[in-house]
Amino acid sequence: MKSWLKKLDFGNADAGTRVMAALAVLAMTCAVPASMPVTAGKSVSEAESMVSLCLRVIDGDKSAEPGIAHHPLVTKMAEGMREQVIFTPAEFAHAAFTTTDDEQFSWRRLRDNARFVKPFLGEVSPRLAALVTRSAGTSREFLAESADTKTMPVHFVCGGPWDAFVLYFDRGPELFFDLGWHADGEPAAIMADFEAILTHELWHASFGEHRRLHWPIDYKSCDGAACRFLYEMANEGIGHFYSLRHRLLPTVTIDRFDAKVAGAFVLLANNYPDLIAETDARKRENALWHSHAGVPFWEKWGAIPGAVVVYRLLQTSGDSEVRRLVAEEPFSLFLRYNELCSTRPEWEKLPPPLVEDARALFESHRANPGGDKVSP
């Protein structure tokens, strides 16, 4: 079974309406948290859900280990994550009950947050459809496209290395939420963060559909480190803007926000030239990955500056300007920000090599306006 992974990126998945439908089914079927079926589009037996196994791990029921090792979702996780995290289903299951924590998993996080898991599931159930409807609408504000509704499996799992991720299989993408990461506080206090993650992921879904229908060139798969990076900086930058939006608007409530942003731009200035100069393909892919994933949030040296670019442009020019800038390619977003920086000395500056690369790539795009219609 072929699969591949992109953290928090639906790639060529259909846009937000597909996930709206999927999560709406989830909302209707998860009234009983202990046995919540969480795959959308059809009825799911309790045996297919991982939630009951997660609860047994919390209870210290070691007899759940074989069930975890042979669970189809664990098999999918092991297969789909192998480019970033390599493990077998048996290793994954064994780690759930060892006294020495394996840092590539999050079993300790699940146990530490045990008291919040059932309340979180109980809170999400009745509100999820409304949350998704609102998030899906927000996620499309910069885009022209909304996709046809299709079913998409949505799973609550536990023990994974990330809070949310998408795995792609021959039949299409599947969305995973990890309970140990999401159920990390009193439900009423964390729902805004959960909605922000929904919006982030729905952005990727909508952007994938917009890109497929409106971009003349498939910049998601373009050659060259600069092109790939600028695409991801736009894609993940807007996604991370949505992760932060409720803490930025209408007022900034992030502690030490200016210092954190300044640090991210320093990392961008330091790391971008190294990325471009790297000749080893594997090291280059690793650097690209860590520009937006797999590191502490404020050290995402591509995604955080990208989010700030969008935030500043939205404040200055409104959503119509951002919509115009991402209509056909990812480079105009950063060229416009750089242009406005000349009159706004308080804004963080993009590295000159990045601006030069964005300008060259934009000129190449403009010279070939028809592009090659390549489906993302």
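Quick look at the structure, then. (Residues numbered from 1 in each chain as written. Predicted model: local features only at pLDDT ≥ 70, side-chain atom pairs only at ≥ 80, totals over all residues. Heavy atoms only, no water.)

1. Description of helix H16 (residues 352–367)
Consideration 1: The terminal C-alpha atoms of H16 lie 23 Å apart, and with 16 residues this matches the ideal 22 Å at 1.5 Å per residue to within 8%.
Consideration 2: Those residues of H16 that are buried are in contact with helix H10 (225–248), helix H11 (257–277) and helix H15 (332–341). (Helix = DSSP H or I, 4+ residues; strand = E, 2+ residues; numbered from the N terminus. Expected span 1.5 Å × (residues − 1). Contact = heavy atoms within 4.5 Å.)

2. What to know about the packing of aromatic side chains
Aromatic ring pairs: the centre-centre distance and the angle between the two ring planes describe each pair.
Consideration 1: Throughout the structure, instances matching the rule amount to 27 aromatic pairs.
Consideration 2: Between the aromatic rings of Trp-203 and Tyr-242, the centroid separation amounts to 6.3 Å while the plane-to-plane angle is 45°, which identifies the pairing as tilted. Highlighted residues: Trp-203 in helix H9 (residues 187–214) and Tyr-242 in helix H10, separated in sequence by 39 residues.
Consideration 3: Through a chain of ring-to-ring contacts, the aromatic side chains of Phe-142, Trp-203, Phe-207, Trp-215, Tyr-219, Tyr-231, Phe-241, Tyr-242 and Phe-331 assemble into a single cluster. (Phe/Tyr/Trp six-rings, centres within 6.5 Å; stacked < 30°, edge-to-face > 60°.)

3. Topic: the packing of H11 against helix H13 (residues 303–317)
Consideration 1: Running from N to C, H11 and H13 cross one another at 120°; their axes reach a closest spacing of 9 Å. The angle between H11 and H13 falls in the class oblique. The handedness of the crossing between H11 and H13 is left-handed. Taking contact as the criterion, the partners of Phe-257, Val-261, Ala-264, Phe-265 and Leu-268 in H11 are, on H13, Ile-304, Pro-305, Val-308 and Tyr-311. (Axes fitted to C-alpha atoms, helices over the stretch in contact; angles between N-to-C directions. Parallel < 35°, antiparallel > 145°, perpendicular 65-115°, else oblique. Left-handed = near helix turned anticlockwise from the far one by under 90°.)

4. Some details on the state of the cysteines
Put plainly, two cysteines are in a disulfide when a covalent bond ties their sulfur atoms together.
Consideration 1: Under the definition given, this model contains two disulfides.
Consideration 2: The residue that forms a disulfide with Cys-54 is Cys-158, at a sulfur-sulfur distance of 2.1 Å. Disulfide Cys-54 to Cys-158: torsion about the S-S bond roughly -95°, handedness left-handed. In this pair, Cys-54 is assigned in helix H2 (residues 51–58) and Cys-158 in the loop between strand S2 (154–157) and strand S3 (164–169), connecting sequence segments 104 residues apart.
Consideration 3: When its relative accessible area of 1% is taken as the criterion, Cys-158 is described as buried.
Consideration 4: Paired through a disulfide, Cys-222 and Cys-227 show a sulfur-sulfur distance of 2.0 Å. (Disulfide = S-S within 2.5 Å. Buried < 20%, exposed > 50% of the residue type's maximum accessible area, 1.4 Å probe, protein only.)

5. Things to note about H9
Consideration 1: With 28 residues, H9 extends 39 Å between its outermost C-alpha atoms, agreeing within 8% with the 40 Å of an ideal straight helix rising 1.5 Å per residue.
Consideration 2: Most of H9 sits out of view: 21 of its 28 residues are buried.

6. Thoughts on the packing of H10 against H13
Consideration 1: Two elements in contact, H10 and H13, have axes whose closest approach is 7 Å; the angle formed by their N-to-C orientations is 65°. Relative to H13, H10 is oriented roughly perpendicular. Classified by chirality, the crossing of H13 by H10 is right-handed. Contacts between H10 and H13 involve Met-233, Glu-236, Gly-237, Ile-238, His-240, Phe-241, Arg-245 and Leu-248 on the former and, on the latter, Ala-303, Ile-304, Pro-305, Gly-306, Ala-307, Val-310, Tyr-311 and Leu-314.

7. Quick notes on the pattern of salt bridges
Consideration 1: According to the stated counting rule, one finds 17 salt bridges in the structure shown.
Consideration 2: In this structure, the salt-bridge partner of Arg-56 is Asp-61, at a minimum N-O distance of 3.0 Å.
Consideration 3: For Arg-56, a relative accessible area of 30% translates into the label partly exposed.
Consideration 4: The partly exposed category is assigned to Asp-61, whose relative accessible area is 28%.
Consideration 5: A salt bridge links Arg-323 to Asp-319, with the shortest nitrogen-to-oxygen separation between them at 3.9 Å. Here Arg-323 pairs with Asp-319, and both are found in helix H14 (residues 319–325), just four residues apart, close to one helical turn.
Consideration 6: Using a relative accessible area of 31% as the deciding quantity, one classes Asp-319 as partly exposed.
Consideration 7: Through salt bridges with shared partners, one network takes in Asp-101, Arg-108, Arg-111 and Asp-112. (Salt bridge = Lys/Arg side-chain N within 4 Å of Asp/Glu carboxyl O.)

8. Some words on the nonpolar core
Consideration 1: Core analysis: the biggest nonpolar cluster contains 57 residues, and Met-50, Ile-68, Phe-92, Trp-107, Phe-120, Phe-177 and Phe-194 have the highest contact counts within it.
Consideration 2: Here this core gets nine residues from one element, more than from any other, and that element is helix H7 (residues 114–139).
Consideration 3: In contact with Phe-92, other than residues within four places in its own chain, are Met-50, Ile-68, Val-74, Met-77, Phe-87, Phe-105, Trp-107, Cys-158, Gly-159 and Gly-160.
Consideration 4: Formed by 53 residues, the second largest nonpolar core is a distinct cluster that contains Leu-314, Val-322, Tyr-337 and Leu-350. (Core = buried A, V, L, I, M, F, W, Y, C linked by side-chain atoms within 4.5 Å.)

9. A closer look at the environment of Val-308
Consideration 1: Summarising the element assignment, Val-308 is placed in helix H13.
Consideration 2: Between the C-alpha atoms of Val-308 and Tyr-337, which are 29 residues apart in sequence, the distance is 9.9 Å.
Consideration 3: Val-308 has contacts with Val-261, Phe-265 and Glu-348, leaving out every residue within four places of it along the chain.

10. Digging into unusual backbone geometry
It is generally the case that most residues other than glycine have a negative phi and that most peptide bonds are trans.
Consideration 1: Note that the residue after Leu-249, namely Pro-250, is joined by a cis bond; omega there is 5°.
Consideration 2: Its location among the elements puts Pro-250 in the loop between H10 and H11.
Consideration 3: A positive phi angle, near 55°, is found at Arg-256, a position not held by glycine.
Consideration 4: For Arg-256, the position within the fold is in the loop between H10 and H11.

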